[in-house]
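Chain by chain, the residues run as shown.
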Amino acid sequence: MSNGNEFKPAFLIKDFQAKQYSDLEFESPEKMSQLQDKLLSDHIKETVRKSPYYRALFKQHQLDGDSIQGISDLKKLPCTSKEDISRNNDDFVAASGEEISDICLTSATTSEKPTAVYQSLSDLSRLAYNEEAAFNMIGINPSDTVMVCAALDRCFMAGLAYYMGGLKKGATMVRAGSGSAAQQWQLIKRTQPTVLVGVPSLMRKIGDVALESGEKPDRIGIKKLVAIGEPLRDGDLNLMPAYATLETLWKARLYSTYASTEMATTFCECEERQGGHLRPELMVVEILDDDQKPVAAGDTGEVVVTPLGVTGMPLIRFQTGDISFLIEEACRCGRTSPRLGPVLGRKNHMLKLKGTTVFPSSILSVLEGIEGVTHAYIEAGKKADGTDRVISYVSVGAPSPSPEMMAETLRAHIRVVPEIKIISEEEATKKIFPREKRKKVTFFDLR
Ligand SMILES: [Zn+2]
């Protein structure tokens, strides 16, 4: 702590490795992988030494943590699934109770019980550093006012991360949290933010509230929308139609980010908006097939990450369950760090429709992009012959698109057409926004 009277939050004092890596993302791939090798081997050594779970796992597999020299040795190590963490949560904690500063909970979209992620002060500092780097990437500076429309409480990580990153960047932060759209709009008028951070559906709702009261969200001065929780682009990196209308609504540029509580690290797009840049000093990323073997460059597979420098609850080869791909070519922005494409879907949500593989998220993004569609969700079951039965439930407003028109649009975009059933707005919202969940739920797997 400093000796003066100046108050600084602890995570700002403990400055995570900031200077050492400032220009790393513009360095040659060789230099980047050299550094990653070093950080990774240190990470594995420390983790095996301090984490009861990994100590036991390495012993069980007769592995020596000290023998891991770098990324090429990673394949020798077993992966860690969400279920592994959920079943052995406390054994993953690698720091003493005194060293733990914050407890985050996952939003439990995949398992019944949320996972607890224990963070040390250094982890909080790392989180702030990571989010400051993301803000740098999209040109946010101290003259910006950033309104965070995501929960900073309820043990939620994202809101906290953005808030700390913004403070570190020197921006003015507005802790809007997860209030109603009407409250958020009042707060926007009062605080005049230039940047909004939140889930796209909330950003849309806030804009709609403004329009309904005869006001103009596109004139309020918001320049950037930082989207969390949903992929915005298709496999060709084009902005999906439903999100293009969000940019028009606010007359602002939309940026995609991808992260999860366990990985405590974000992939954020740069100004080019062609995939989320990896921060090489913060994470090693692999794309693996069903047998946990690396796929060829550019191919799709499961995103598996090893977050570097985490001390509270370090992980090795964490399986996110998300399907995406890596883009290795240097970006037009000049950064040479690899980029992660949009998440195409959840690994265990993959559907087989007439021999074609499709994700619920792809069907939903097409449906939600059709004018007049207000809500949509997907239900998957099994047919008597063992194949998947997929039904899209859709509510419509005005104009009111027909199921035939929706089928045509789906065929044009994803080549397959699930059954389509029109339901009322009330039925749809009741199903999609269950009270007990933090995120909206648009896929129901009854297989
Ligand atoms: Zn870039």
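Higher on the page you've got the structure.
Residues numbered from 1 in each chain as written. Predicted model: local features only at pLDDT ≥ 70, side-chain atom pairs only at ≥ 80, totals over all residues.

**What about unusual backbone geometry?**
Here is step 1: Cis rather than trans, the peptide bond between A398 and P399 has omega equal to -5°.
Here is step 2: With respect to the helices, strands and loops of the structure, P399 is situated in the loop between β19 (388-396) and α11 (403-414).
Here is step 3: The phi dihedral of A264 is positive, around 50°, even though this residue is not glycine.
Here is step 4: With respect to the helices and strands, the residue A264 is situated in the loop between β7 (253-258) and β8 (267-269).
Here is step 5: The class for A264 is buried, based on 27 C-beta atoms found within 10 Å.
Here is step 6: Backbone geometry places K354, a non-glycine residue, at a positive phi of 45°. (Helix = DSSP H or I, 4+ residues; strand = E, 2+ residues; numbered from the N terminus. Buried ≥ 20, exposed ≤ 12 C-beta atoms within 10 Å, placed from the backbone.)

**Topic: the nonpolar core**
Here is step 1: Of all hydrophobic cores here, the largest spans 109 residues; its most connected members are V146, M147, V148, V197 and L225.
Here is step 2: Ranked by residue count, the leading element in this core is helix α5 (residues 121-137), at eight residues.
Here is step 3: Those residues in contact with M147 that sit more than four places away from it in its chain are V174, A176, L187, I188, T191, P193, V195, L196 and V197. (Core = buried A, V, L, I, M, F, W, Y, C linked by C-beta atoms within 7 Å. Contact = placed C-beta atoms within 7 Å.)

**Remarks on the sheet that holds strand β18 (residues 373-382)**
Here is step 1: Ordered in space as β20-β19-β18-β21, the four strands form an open sheet in which the pairing is mixed. Both edges of this open sheet fall to β20 (419-422) and β21 (443-445), since each of them pairs with a single strand only. Averaged over all pairs of adjacent strands, the angle between their axes in this sheet comes to 20°, without regard to strand direction.
Here is step 2: Of the pairings in the sheet, the one linking β19 to β20 comprises four bridges and is parallel in character. Paired with S392 across the bridge in β20 is I420.
Here is step 3: Packed onto the sheet, helix α10 (residues 360-368) meets β18, β19 and β21 and runs at close to 155° relative to β18. (Pairing = 2+ DSSP bridges. Axes fitted to C-alpha atoms, helices over the stretch in contact; angles between N-to-C directions.)

Function cannot be inferred from these measures alone, as they are strictly geometric.
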